[in-house]
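Take a look at the letters that make up each chain.
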Amino acid sequence: MATVSMASSLPTNLTSLKFIRSNRSRTGVAFASLSQDTTSLGVKITEGAGNLPKVVLTSTHGSEAEIYLFGGCVTSWKVPSGKDLLFVRPDAVFNGKKPISGGIPHCFPQFGPGAIQQHGFARNMNWSVLDSETIEGNPVVTLELKDDTYSRSMWDFSFQALYKVILNSNSLSTVLTVTNTDKKSFSFNTALHTYFSASVAGASVKGLLGCKTLNKDPDPKNPLEGKEERDVVSFPGFVDCVYLNASNELQLDNGLGDVISIKNSNWTDVVLWNPHLTMEACYKDFVCVENAKIGEVQLQPDQSWVAEQHLSIA
């Protein structure tokens, strides 16, 4: 199998725990049966909001993460203090039909509007649990998404997406691997639409100085090209801006006393978003800092594309 873009390799001292995979469907429940001794590994599947299955990762260091199988969406990342650094909007619906609004939703195989539905279909489908492992005592889970009749109704290609989530004491890492399992080439773009808990008035991002920008305010259909001249980018009002060829490390001050390092491998672009008064009920409580691949990724049959995100707090 060819790999067009390889991210950095993960540690090899892994203790693996296999899962029994279930059949997938967009509206069905995608449970997986865990083999014994999963509690000691800090991985369990339980019912979440709306009776949707979720995976709970618990580190021996006291951190915790929750991932809903619907959408493969990480909805919570709590550090040992108990503070949740991610945000789920109060209008989020957990019904297995509408994408979960918050956490770390997937945008695949399309970011934003385009030929298919907004942000693609990956956040609208049930992912399956493929396996679990431990890395130096920290829990890891790998989710899988494959094409089905629903995805093929709008994007007629065979693919596999693997999403590995790694929880450490003060970090949350993800590895997304997209493989072309079709007999013909395809292209896509993608993003992790990460919502961070924040006080928007005090939130800021460092590391974007000098980037080419595509500012979608005021007209998202005709973004204004520019160049970021600020060392510290804040959220004074409505913000919807793409940063091309961004740094692989940013610093988010969430305005709540935390500075979060956002590192990546192979996510070439960044999007900052806050809806301001268009979402009056909650805009003051979050900012989105999204690792993205805005340009098209072209994959030939059997080729893979890999990208990593590493969130950490001091």
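Rules used in this analysis
Residues numbered from 1 in each chain as written. Predicted model: local features only at pLDDT ≥ 70, side-chain atom pairs only at ≥ 80, totals over all residues. Heavy atoms only, no water. UniProt positions renumbered as here; feature names shortened; annotations may be inferred. 1 Å grid on protein atoms, 1.4 Å probe; cavity = no way out; pocket = protein on both sides within 12 Å on 5 of 7 lines; lining within 4 Å. Helix = DSSP H or I, 4+ residues; strand = E, 2+ residues; numbered from the N terminus. Buried < 20%, exposed > 50% of the residue type's maximum accessible area, 1.4 Å probe, protein only. Contact = heavy atoms within 4.5 Å. Points joined across faces, edges and corners; volume = space filled by probe spheres on them. Nonpolar A, V, L, I, M, F, W, Y, C, P; charged D, E, K, R; others polar. Pairing = 2+ DSSP bridges. Polar contact = N/O pair within 3.5 Å; in protein donor to acceptor, adjacent residues only side chain to side chain. Axes fitted to C-alpha atoms, helices over the stretch in contact; angles between N-to-C directions.

The protein chain carries the name glucose-6-phosphate 1-epimerase in an unreviewed UniProt entry, which gives Papaver nudicaule as its organism. Recorded in UniProt under Catalytic activity (unreviewed entry), the annotation for the protein chain is "alpha-D-glucose 6-phosphate = beta-D-glucose 6-phosphate".

Engineer: For this particular structure, what's the right way to read the UniProt feature "active site" (unreviewed entry) in the protein chain?
Structural biologist: This chain's UniProt record puts "active site" (unreviewed entry) on H193 and E290. What stands out for the annotated residues spanning 98 residues is how close their C-alpha atoms remain, the widest pair being 4.9 Å apart. Lining residues of the largest pocket drawn from the annotated list: H193 and E290. With respect to the helices and strands, H193 occurs in the loop between β13 (186–192) and β14 (195–197). Under the relative-accessibility criterion, H193 is labelled buried at 9%. Residue placement: E290 occurs in strand β23 (residues 286–299). Given a relative accessible area of 1%, E290 falls into the buried group. For E290, the contacting residues outside a window of four places in its chain are F111, L192, H193, T194, D269, V270, V271 and W273.

Engineer: Whenever I open this one, the layout of surface pockets confuses me. Can you help?
Structural biologist: It is the rolling of a water-molecule-sized probe over the atoms that shows where space remains empty. Size it by volume and the largest pocket reaches roughly 620 Å³. Only β19 (239–244), β22 (269–274) and β23 provide two or more residues apiece to the lining of the largest pocket. Classifying every residue of the lining of the largest pocket by side-chain character gives 12 nonpolar, seven polar and seven charged.

Engineer: How should I be thinking about the environment of L244 in this particular structure?
Structural biologist: Counting through the fold element by element, L244 comes out in strand β19. Taking relative accessible area as the criterion, L244 reaches 18% and is therefore assigned buried.

Engineer: Help me understand the pairing of β19, please; the structure alone is not making it clear to me.
Structural biologist: Each regular strand displays side chains that alternate between the two surfaces of the sheet. Within β19, six of the six residues are buried, leaving the element largely enclosed by the surrounding structure. Judged by which residues are buried, β19 turns out to be covered on both faces: V239, C241 and Y243 on one side and D240, V242 and L244 on the other are all buried. Where strand β16 (residues 212–215) meets β19, four bridges bridge the pair, whose relative direction is antiparallel. In the strand pairing of β19, K212 is matched with L244. In this sheet, β22 lies alongside β19 in antiparallel orientation, the contact comprising five bridges. Residue pairing for β22: V242 is matched across the bridge by V271.

Engineer: Would you mind going over the side chain of E133 with me for this structure?
Structural biologist: Its location among the elements puts E133 in strand β9 (residues 128–135). Overall, the relative accessible area of 7% leaves E133 in the buried class. Of the polar contacts made by the side chain of E133, one reaches the side chain of K164; its length is 3.0 Å.

Engineer: Even after reading the chapter, I still don't get the sheet that holds strand β4 (residues 43–47), so can you show me in this structure?
Structural biologist: Strand pairing in a sheet is mediated by backbone hydrogen bonds. Such pairs are either parallel or antiparallel. In spatial order, the strands read β4-β5-β6-β7; together these four strands make up an open sheet with antiparallel pairing. Bordering the open sheet on either side are β4 and β7 (73–78), each of which pairs with just one other strand. Going from strand to strand, the sheet's axes swing by 20° on average, the running direction of each strand aside.

Engineer: Teacher, can you tell me more about the environment of D285 here?
Structural biologist: Tracing the backbone through its elements, the reader meets D285 in the loop between β22 and β23. A relative accessible area of 38% places D285 in the partly exposed class. As for D285 and G255, which are separated by 30 residues in sequence, their C-alpha atoms are 9.8 Å apart.

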